[in-house]
Amino acid sequence: ADRMRESLRHPELIEAGRLMREGKIGLAERVLRPFLQANPDNSAGLRLMAELAVKVGRQEDAEKQLRRAVAIEPDYAAARYELASLLSSQLKLEESLWEVEELLARSPDVLEYVKVRGSLLDRLGRNEEALSAYRDAVARFPSEASLWMQYGHVLRNVGRRSESVTAYRKALEL
């Protein structure tokens, strides 16, 4: 955590982030490249470079940068979550699930991680695991309508229509 806070303090990263928000991707890259050459283990810089790479369609570069960032800083949840999202968008679902499982091992009560895990299990066709994940999730987060809706979808997909209707109704009540 201390290393992470320290890596965010560099003025070059602040400037590159500002340039990216303004849509000046080329200028941001001109700030980030020399910074990362001088600071190759700066996980925040690697994450920012990955974000830039995604914006210009270089998913493989983004994946490489994010993998390096989490290798350097395993507890860097934002980088790991972005890696999981990127892997999912590339249909590398097993790898994405592994990253989400790592996130949940460190932070089991983050609702977004719980949702993504259930979704990945569903997309992988691991129906019983998906059902179990959503059943546990709605028990832990009973007022979260989107979880009930996702649970209903999985129930419907495995032919459990009456249970799916109950889950959908619960989602609508919330």
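Relevant structure appears above.
Read on for an overview of the structure. Computed from a prediction, not measured in an experiment: that's the story for all the values here. (Residues numbered from 1 in each chain as written. Predicted model: local features only at pLDDT ≥ 70, side-chain atom pairs only at ≥ 80, totals over all residues. Heavy atoms only, no water.)

## Let's talk about unusual backbone geometry
Consideration 1: Of note in the backbone geometry, leucine 91 takes a positive phi value of approximately 65° without being a glycine.
Consideration 2: Within the secondary structure, leucine 91 sits in the loop between α6 (77-89) and α7 (93-106). (Helix = DSSP H or I, 4+ residues; strand = E, 2+ residues; numbered from the N terminus.)

## Topic: the nonpolar core
Consideration 1: Core analysis: the largest hydrophobic core is formed by 26 residues, its most contacted members being Leu13, Met20, Leu32, Leu48, Leu52, Leu66 and Ala79.
Consideration 2: When residues in this core are grouped by element, the largest group, seven residues, is from helix α4 (residues 43-55).
Consideration 3: Apart from the residues within four sequence positions on either side, leucine 52 is in contact with Met20, Ile25, Ala28, Glu29, Leu32 and Arg58.
Consideration 4: Among the nonpolar cores identified, the runner-up in size contains 24 residues, and Ala130, Val138, Trp148 and Leu155 belong to it. (Core = buried A, V, L, I, M, F, W, Y, C linked by side-chain atoms within 4.5 Å. Buried < 20%, exposed > 50% of the residue type's maximum accessible area, 1.4 Å probe, protein only. Contact = heavy atoms within 4.5 Å.)

## Some details on the environment of arginine 30
Consideration 1: Positionally, arginine 30 belongs in helix α3 (residues 25-38).
Consideration 2: Overall, the relative accessible area of 59% leaves arginine 30 in the exposed class.
Consideration 3: For the pair arginine 30 and arginine 117, spaced 87 residues apart in sequence, the C-alpha to C-alpha distance is 36 Å.

## What to know about the packing of α6 against helix α8 (residues 111-123)
Consideration 1: α8 packs onto α6 with a crossing angle of 25° between their chain directions and a minimal axis gap of 12 Å. Relative to α8, α6 is oriented roughly parallel. By crossing handedness, the relation of α6 to α8 is classed as left-handed. Within the contact between the two elements, α6 uses Ala77, Tyr81 and Ser88 and α8 uses Glu112, Tyr113, Val116, Leu120 and Arg123.
Consideration 2: For the contact of α6 with α8, a count of residues per class yields five nonpolar, one polar and two charged. (Axes fitted to C-alpha atoms, helices over the stretch in contact; angles between N-to-C directions. Parallel < 35°, antiparallel > 145°, perpendicular 65-115°, else oblique. Left-handed = near helix turned anticlockwise from the far one by under 90°. Nonpolar A, V, L, I, M, F, W, Y, C, P; charged D, E, K, R; others polar.)

## What to know about the environment of serine 89
Consideration 1: Note that serine 89 resides in helix α6.
Consideration 2: On the accessibility criterion, serine 89 (55% relative accessible area) is exposed.
Consideration 3: Between the C-alpha atom of serine 89 and that of glutamine 59, which follows or precedes it by 30 residues, the distance is 9.6 Å.
Consideration 4: Only 2.7 Å separates the side chain of serine 89 from the backbone oxygen of leucine 86, close enough to count as a polar contact. (Polar contact = N/O pair within 3.5 Å; in protein donor to acceptor, adjacent residues only side chain to side chain.)

## Notes on helix α11 (residues 161-173)
Consideration 1: Taking 1.5 Å as the rise per residue, α11 with 13 residues should run 18 Å; its terminal C-alpha atoms sit 18 Å apart, in good agreement.
Consideration 2: Within α11, burial applies to Ser164, Ala167, Tyr168 and Ala171. Summarising the axial view, the buried residues of α11 lie within an arc of 100°, below the 170-degree limit, and thus occupy one face. More than 90 degrees from the buried face of α11, the exposed residues found are Ser162, Thr166, Arg169 and Glu173.
Consideration 3: On the buried face of α11, the contacting elements are α10 (145-157). (Expected span 1.5 Å × (residues − 1). Arc of directions from axis to C-beta.)

## Topic: helix α5 (residues 59-72)
Consideration 1: Here α5 is 14 residues long and its end C-alpha atoms lie 20 Å apart, about the 20 Å a rise of 1.5 Å per residue gives.
Consideration 2: For α5, the full list of buried residues reads Ala62, Glu63, Gln65, Leu66, Ala69, Val70 and Ile72.

## Focus: the side chain of asparagine 42
Consideration 1: Examined against the element boundaries, asparagine 42 turns out to sit in the loop between α3 and α4.
Consideration 2: A relative accessible area of 5% means that asparagine 42 is categorised as buried.
Consideration 3: Here the side chain of asparagine 42 touches alanine 44 through a polar contact of 3.2 Å, landing on its backbone nitrogen.

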